[in-house]
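Here is what each chain is made of, one letter per residue.
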Amino acid sequence: MKEVITASDLMEQLINMNKENSVCQVRIPGKGLYVIVLQDDYSTVPSSDQMLSDKENEVSEKIGSEIKRNPFL
């Protein structure tokens, strides 16, 4: 476990990760202990754009259903 004080210390830990060294434990003072796991297959993780798009669709569907149910509109 490595104590991380600055962002550059954290980046150094992340850069050094690879298949053999895929788990990193860091302690950030005042925040706690974190375990970072390097995933090999990124195709199973949805992209942030896809997650935002899905969330926008949910919100627009919810707003649409609320408008249909509102008798004052």
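Residues numbered from 1 in each chain as written. Predicted model: local features only at pLDDT ≥ 70, side-chain atom pairs only at ≥ 80, totals over all residues. Heavy atoms only, no water.

> Outline the overall build of the chain, supporting the account with residue identities and numerical values.
When its secondary structure is counted, the chain shows two helices and three strands. Seen in sequence order, the chain has helices and strands lined up from the N terminus as β-α-β-β-α. Among the 73 residues that make up the chain, the fraction classed as buried is 7%. Accessible surface computed for the chain: about 6,400 Å², of which carbon and sulfur atoms make up 55%. (Helix = DSSP H or I, 4+ residues; strand = E, 2+ residues; numbered from the N terminus. Buried < 20%, exposed > 50% of the residue type's maximum accessible area, 1.4 Å probe, protein only. Areas by Shrake-Rupley, 256 points an atom, 1.4 Å probe, with all protein chains shown as cover.)

> Lay out a nonpolar patch on the surface with the relevant residues and their values.
Taken together, the side chains of Met11, Leu14 and Ile15 present a nonpolar region at the surface, about 290 Å² in accessible area. Here Ile15 is to be found in helix α1 (residues 7-15). (Patch = residues over 30% accessible without salt bridge, like charges linked within 9 Å, V, L, I, M, F, W, Y side chains within 5 Å. Salt bridge = Lys/Arg side-chain N within 4 Å of Asp/Glu carboxyl O.)

> Just give me the short version of the environment of Lys2, but keep the residues and values in it.
Turning to its location among the elements, Lys2 is positioned in strand β1 (residues 2-3). A relative accessible area of 35% means that Lys2 is categorised as partly exposed. For the pair Lys2 and Val26, spaced 24 residues apart in the sequence, the C-alpha separation amounts to 4.9 Å. Among residues more than four places away in sequence, those in contact with Lys2 are Gln13, Gln25, Val26 and Arg27. (Contact = heavy atoms within 4.5 Å.)

> Talk me through the pairing of strand β3 (residues 32-37); I want residue IDs and the actual numbers.
Of all six residues that make up β3, zero are buried, and the element is exposed over most of its length. Taking the residues that link successive antiparallel strands as the turn, the strand β2 (residues 23-28)-β3 hairpin has three residues, and the phi of Gly30 there is positive, at about 85 degrees. (Pairing = 2+ DSSP bridges.)

> Before we move on, could you go through the side chain of Gln13 and cite the residues and values that matter?
On the secondary structure map, Gln13 appears in helix α1. If we ignore the near neighbours within four places in the chain, the residues touching Gln13 are Lys2, Cys24 and Val26.

> Please give an account of the sheet that holds β2 that cites residues and values.
Reading across from one edge, β1-β2-β3 is the order of the three strands in this open sheet, with mixed pairing throughout. Each edge of the open sheet carries a strand with a single partner, namely β1 and β3. In this structure, β1 lies alongside β2, joined through two bridges in parallel fashion. If you follow Glu3 over to β2, its bridge partner there is Arg27.

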